[in-house]
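These are the residues of each chain, in order.
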Amino acid sequence: LDLHEGETKDISVHFLDSSGNEIEGQDAECYPLGFDTNDTDTSIISISQEEHDDDHSGHDHGDEHGDNVFELTALAQGWTVFKILVMHDGHADYTSLSILVTVTEAEDVCANTVVGDVNTDGIINVVDLTTMVSFILVTSVPTDAEICASDTNNDGIINVVDVVEVVSVILGTKSNSIGTNDATEA
């Protein structure tokens with residue numbers, strides 16, 4: 001598994017037969033996941049799972065009670081391993097091979113973003129402004145890339161100041177490279 005520092009992934013474990021088809025009747029509560037982290041560097045990754053009631057007396061293996069899902073969070077750069085255990089009646093019925101997790105530097109989501117071009121159509125126009133206003137009024141939630149494109153003054157918030165900057169670009173009173181100074185001579 002490859003993750004970037006700070007990234008979290010939800011991972012689901014499914015029971016498959018030799019043909020790759022889902023095995024029916026394998027209840028996630030009757031076969032909960034466990035983890036062998038003896039060889040895991042816990043400064044690199046964190047593994048968490050929603051807690052379930054472990055009392056399976058009188059359980060019916062045919063009921064569907066959810067999936068075996070866990071969350072893997074990359075904490076720091078490096079690599080480490082862990083094993084997945086499929087538990088039943090207090091012991092591991094199955095232990096996976098070691099699963100390698102490599103954590104690399106966090107991606108810079110703003111690296112390829114053109115400030116002001118919120119909808120990434122290559123043009124800074126009124127459509128970008130209306131999108132920014134929807135973020136300010138909280139009628140829509142921006143993605144990380146949309147935040148990068150909307151926060152023209154790079155102060156960490158999208159507000160009227162950012163809208164004014166984009167209006168200046170549209171009207172031609174400010175250069176298209178928002179955040180840099182206009183040339184004073186040519």
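The present account deals with the structure reproduced in this document. Note that the coordinates shown come from a computational prediction; the quantities given were computed from them, not determined experimentally.

Helices and strands together make up the secondary structure of the protein chain, namely three helices and eight strands. When the helices and strands of the protein chain are listed from N to C terminus, the series reads β-β-β-β-β-β-β-β-α-α-α. Residue burial in the protein chain is summarised as follows: out of 186 residues, 29% are buried. Considering only contacts in the protein chain between residues 6 or more positions apart, those separated by 24 or more positions represent 64%. Here the protein chain has roughly 11,600 Å² of accessible surface; of this, 51% comes from carbon and sulfur atoms.

Burial analysis of strand β5 (residues 68-74) places five of its seven residues in the buried class, which makes it a mostly covered element. Relative to β5, strand β4 (residues 45-48) runs antiparallel, the two sharing four bridges. In the strand pairing of β5, Ile47 is matched with Leu72.

Sheet strands pair via backbone hydrogen bonds, and the direction of the pair is either parallel or antiparallel. Read from one edge to the other, the open sheet built from three strands follows the order β2-β5-β4, with strand pairing classed as antiparallel. If you trace the sheet from one side to the other, it starts and ends with β2 (8-13) and β4, each paired once. Within the sheet, the average angular offset between the axes of one strand and its neighbour, ignoring direction, is 25 degrees. The pairing of β2 with β5 spans six bridges and is antiparallel. Bridging across to β5, Ile11 finds its partner in Phe70.

To continue, consider the side chain of Asp128. Note that Asp128 resides in helix α1 (residues 126-136). One polar contact links the side chain of Asp128 to the main-chain amide nitrogen of Asn125, over a distance of 2.9 Å. Among residues more than four places away in sequence, those in contact with Asp128 are Gly116, Asp117, Val118, Asn119 and Ile123.

The final tally for this structure, using the stated rule, is one disulfide. Sulfur-sulfur distance for the disulfide between Cys110 and Cys148 comes to 1.6 Å. Disulfide Cys110 to Cys148: torsion about the S-S bond roughly -60 degrees, handedness left-handed. Of the two residues, Cys110 sits in the loop between β8 (99-104) and α1 while Cys148 sits in helix α2 (residues 144-150), which places them 38 residues apart along the sequence. With a relative accessible area of 11%, Cys148 lands in the buried category.

What follows covers the pairing of strand β6 (residues 78-88). Pairing of strand β3 (residues 33-36) with β6, which is carried by four bridges, proceeds in the antiparallel orientation. The partner of Leu33 across the bridge, within β6, is Val86. Pairing analysis gives five bridges linking β6 to β8, with the strands arranged antiparallel. Paired with Thr80 across the strands is Val101, a residue of β8. When β6 meets strand β7 (residues 91-95), the two strands line up antiparallel, connected through four bridges. Residue Met87 lies in a different strand from β7, and its bridge partner there is Ala92.

Calculation notes
- Residues numbered from 1 in each chain as written.
- Predicted model: local features only at pLDDT ≥ 70, side-chain atom pairs only at ≥ 80, totals over all residues.
- Heavy atoms only, no water.
- Helix = DSSP H or I, 4+ residues; strand = E, 2+ residues; numbered from the N terminus.
- Buried < 20%, exposed > 50% of the residue type's maximum accessible area, 1.4 Å probe, protein only.
- Contact = heavy atoms within 4.5 Å.
- Areas by Shrake-Rupley, 256 points an atom, 1.4 Å probe, with all protein chains shown as cover.
- Pairing = 2+ DSSP bridges.
- Axes fitted to C-alpha atoms, helices over the stretch in contact; angles between N-to-C directions.
- Polar contact = N/O pair within 3.5 Å; in protein donor to acceptor, adjacent residues only side chain to side chain.
- Disulfide = S-S within 2.5 Å.

Function cannot be read off these values alone, since they describe shape.
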